[in-house]
Structures are given as C-alpha cells and as structure tokens.
Amino acid sequence: MSQDKELDEIMARKRSELLTKAQPGENKPSSISSPIILTDSNFEQALKENPLLVVDFWAVWCGPCRMVAPVIEQLASELAGKVVFGKLNVDENPVTSRAFGIQSIPTIAIFKNGKPIDAIIGAVSKSQMQSTILKYLGN
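Residues numbered from 1 in each chain as written. Predicted model: local features only at pLDDT ≥ 70, side-chain atom pairs only at ≥ 80, totals over all residues. Heavy atoms only, no water.

Asker: Could you give me a rundown of the pattern of salt bridges, with the residues and numbers involved?
Answerer: Overall, the coordinates contain 3 salt bridges when judged by the stated rule. One salt bridge connects Glu78 with Lys126, and the closest N-O pair in it is separated by 2.6 Å. Pair noted here: Glu78 is in helix H3 (residues 63-78) and Lys126 is in helix H5 (residues 126-134), with a separation of 48 residues, a long-range link. (Salt bridge = Lys/Arg side-chain N within 4 Å of Asp/Glu carboxyl O. Helix = DSSP H or I, 4+ residues; strand = E, 2+ residues; numbered from the N terminus.)

Asker: Break down the packing of H3 against H5 for me, with residues and values.
Answerer: For the pair H3 and H5, the least separation of the axes is 10 Å and the interaxial angle reads 45 degrees. On the basis of their axis angle, the class for H3 and H5 is oblique. In the crossing of H3 with H5, the sense of the turn from one axis to the other is right-handed. For the pair H3 and H5, the contacting residues are Val68, Val71, Ile72, Gln74, Leu75 and Glu78 in the first and Lys126, Met129, Gln130 and Ile133 in the second. (Axes fitted to C-alpha atoms, helices over the stretch in contact; angles between N-to-C directions. Parallel < 35°, antiparallel > 145°, perpendicular 65-115°, else oblique. Left-handed = near helix turned anticlockwise from the far one by under 90°. Contact = heavy atoms within 4.5 Å.)

Asker: Report on the pairing of strand S5 (residues 115-121), specifying residues and quantitative values.
Answerer: Two elements, strand S4 (residues 107-112) and S5, share 6 bridges in a ladder whose sense is antiparallel. Residue Phe111 lies in a different strand from S5, and its bridge partner there is Pro116. Counting the residues that bridge the hairpin from S4 to S5 gives 2 residues, and of these Asn113 lies at a positive phi of roughly 50 degrees. (Pairing = 2+ DSSP bridges.)

Just geometry here; none of it tells us what the structure is for.
As structure tokens, this is what we get:
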C-alpha cells in the first residue's frame, strides 16, 4: 500500500470518528474544519447530517483536481461552522458519482438540506468558488 493511500485511509477513519463522536443536536459544522472523506457507503449519511455540504468530486490522476484541492482545504477551514466540505474520489466511488451524473472532474457540487442545488465544473479561483458557496448560506 502506498503511503499516500494509507495516509488518506487514516485521515478518513479519524474524520469518521470525529463525526460519530458529535452529540445529537450539536452544531457539527463548527467542529469540521477540513474536508471529510466521502464514499458510496457514507454519502447519504453526510447529506442528512450537514445542512450545507460542498462535495469535491475528484480523481488522483486529474491535474485540475490537484489545483482545486488546496482551495477546498482553505475554504473548509475558513468556513468551518457554516459549511461542511467533503471529497469523493470518483474512481473509488462510482455509485455516487453516477447517481449525480458526474461526467467531468473536478465537479464541486453544493447540497442544501440533502438536495443538489448548484455545481461548479472545472478548476476555478478561490474567490469564484467562495462567492458561489456563500450565496447559499442562510437561505
């Protein structure tokens, strides 16, 4: 197993543990300041638990996805408590990718109350991504 894949699995496990430790009624977004790792098996639960969820559909081999990754990390930290960010590897999770018709990556999908409401396709600037996401806060 490569170190990167092993590290990703450890990070995913730790994030999952943090999510399960949160108490019912607790404001979960405030405790999540980095993207959660989403999979076919935990995606529906993440939609239920997070009123505003921004999902980065990506793949390891995708150059533009690597350009977007640091922006997602920064926004997850800056918008903690307001928005939860997640990352879903389309190669490892084809069921969810197909369910939402993901054909191009990176696709940044915005879900509000479990429903897809907007998407950004391709690599965009931090300010473009942020302005798109912020218009859904408090609506």
